[in-house]
Each structure stands twice: as C-alpha cells, then as structure tokens.
Amino acid sequence: MHYLDINKASWNERVEPHLTSDFYDVEGFKKGKTSLNQIELDLLGDVRGKSILHLQCHFGQDSMSLSRMGAQVVGVDFSDKAIRAAKQIRDELGLDTEFVLNDVLSLDASKLDGLFDIVFTSYGTIGWLPDIQKWAEVVARFMKPGGQFIIAEFHPVVWMFDDDIQYVRYSYFNKEEIEEIEEGSYTDQSEHLRTKFITWNHGLSEVFNALKAKGLHISDFNEFDYSPYKCFKEMVETSPGKYMLKGNENKFPMVYSMKWHKL
Ligand SMILES: C[S@@+](CC[C@H](N)C(=O)[O-])C[C@H]1O[C@@H](n2cnc3c(N)ncnc32)[C@H](O)[C@@H]1O
C-alpha cells in the first residue's frame, strides 16, 4: 500500500476522537479561544487583511483562529474527515475560512485562487512527507513576491527517540522510511485507536537547504526547550503552557520556528 493511503486512513481515524478531546478543546475554541500559541503568534504578527495558505490544517482550528484575527485563510489537508469537520465548525461559527482537500505535495495552482502573503504550517506536519525538496517547491510556489513562510515544528531531535523517550531509536537524518503502529494518539479520548503510520525524519539542514534552494531568505530561527503541547509521554508543565520531558527538563530542544521571505 502507498504511504499516502496508509497515512490518510490513519489520520481519518483520528479525527473523531480528536474532536471530542480536551487536547483540541473544540468547545473552548467555539466560544472564542484561539488555538494558536505564542511561538507562532510572535512570527505571524498582525495578519489583518493578509491572505494565508495553511498547509496540513487538520480540522482547521488554527486556520479559523487566523480568520478570526482578520486574515483571508485557505486550509489544506488530505484527510476528508478532517476537512468535513473543519467545514462544519466553520459554518457553525459563520467564518469565511476556505478548506481544500488535497495532498500537500501535489497541491497545484488550479485548486487555489492566486498567491499568498503568508504560507503557514505547524506542529507535526513535515514528518508525514517523504520529499522536502518537493514540499519547499510547493511552499515557495504559493508565496507572493514579498510573501512570508512561517513554520513552527517539533524539533528533529525529538523524533530520534523511542515513544518513551528513553533511547535513540532513529537517525536524526532522513535515512529511512519509518513505519510505526501507534496505540492511541497524542490526545486523550483515543485509547481504542491502533493505527499504522509512515513518517520521515527531517534534520534542520535538510529543511534549511530545501527552502534556500527555492530562493527563499530566512529572517528568524528559534529553538525552544519546551513544547506548547502535552503530546509526548512523561511530560511536565514547568510553567503555564510549557511542557518539558520529565527528568530532562531544559535539556532537549522540543520545538523550532522559522520565518522565510520571498524577495
Ligand atoms: C499533527 S496534524 C496538524 C497539526 C495542526 N497544528 C493541528 O494539530 O491541528 C497533521 C496533519 O497533517 C495532515 N497530513 C498528513 N500528511 C499529509 C499530506 N501528505 N497532505 C496533506 N495533509 C497531510 C493530517 O491529515 C493531519 O491533519
């Protein structure tokens, strides 16, 4: 079976339990709570009037948070269940966010209306993609001249470890296709899930060089010793909304963020 079919089926299975999880807090979101974190908000700045392409939007809470901030947003995801849920929530809230069902690597111009001020992606996205050169081509293609690309992503060091973050299991570098059977999900309400995924590790130089090769210029790069999500086993909240690995607090890079520009 092709990796896209395997991953799509597994992401589809996750949508329902995610929608009812405390992790995604859909009820809080519907009442007006933003799903965005300070890490990406700091790079996004004032998005009023900006057009934003949000890659791998899941069921769209971040896309709709950006709409609420005054941006014109298009969210893209390959999970039909996620896109259906996103459209339902959008309609219930009366927002104008657009959602497009598509594999990110084969996203073509005919699906979208024009170029964007900002291309955005965050937390748990590039690991699902085998080809970062192709991804960088998509990112650059949909940016306006003068446009920005903003990414907040889990640090590649985190993906070197086993599930319990006890020992190094995988290469930091993109050496192999990683096939895993996952029990549950990173949210609650998912104990019954047993899903198969195919992922790839992408080190920082791979990401840097792919975006640089597309002619983009970087202005911001940050690494964080915390995650804004309690999404791995054995994490402790060291201060409000900041989660670190228990026993290794302050030692691991958990997340990175970058801002790139198309001149
Ligand atoms: C961890 S989630 C996105 C993170 C987002 N910040 C969130 O938590 O709501 C990863 C998303 O990537 C999507 N995805 C995975 N592979 C994809 C692909 N090849 N094309 C488009 N979407 C993909 C999944 O369906 C899922 O919704």
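So, a few notes on the structure that sits alongside this text. (Residues numbered from 1 in each chain as written. Predicted model: local features only at pLDDT ≥ 70, side-chain atom pairs only at ≥ 80, totals over all residues. Heavy atoms only, no water.)

Let's talk about the environment of Glu-13
Line of reasoning, step 1. Turning to its location among the elements, Glu-13 is positioned in helix H1 (residues 3–19).
Line of reasoning, step 2. Judged by relative accessible area, which is 43%, Glu-13 ranks as partly exposed.
Line of reasoning, step 3. Residues Glu-13 and Leu-193, 180 residues apart in the sequence, show an inter-C-alpha distance of 7.7 Å.
Line of reasoning, step 4. Leaving out residues up to four positions away in the same chain, Glu-13 has contacts with Leu-193 and Thr-195. (Helix = DSSP H or I, 4+ residues; strand = E, 2+ residues; numbered from the N terminus. Buried < 20%, exposed > 50% of the residue type's maximum accessible area, 1.4 Å probe, protein only. Contact = heavy atoms within 4.5 Å.)

What about the site of the ligand?
Line of reasoning, step 1. Among the 18 residues in the neighbourhood of the ligand, the closest are listed as Tyr-24, His-58, Asp-77, Asp-103 and Val-104.
Line of reasoning, step 2. In this structure, Phe-78 approaches the ligand through a main-chain N or O atom, which is 3.2 Å from a nitrogen atom.
Line of reasoning, step 3. Starting from 600 Å² of accessible surface for the ligand in isolation, the protein chains cover 95%.
Line of reasoning, step 4. Of the residues assigned to the shell around the ligand, the class counts are nine nonpolar, six polar and three charged. (Near = heavy atom within 4 Å. Polar contact = N/O pair within 3.5 Å; in protein donor to acceptor, adjacent residues only side chain to side chain. Areas by Shrake-Rupley, 256 points an atom, 1.4 Å probe, with all protein chains shown as cover. Nonpolar A, V, L, I, M, F, W, Y, C, P; charged D, E, K, R; others polar.)

Section: the state of the cysteines
Line of reasoning, step 1. One pass over the structure, following the stated rule, counts zero disulfides.
Line of reasoning, step 2. Left unpaired, Cys-57 is separated from the closest cysteine sulfur, that of Cys-231, by 19 Å.
Line of reasoning, step 3. Under the relative-accessibility criterion, Cys-231 is labelled buried at 14%. (Disulfide = S-S within 2.5 Å.)

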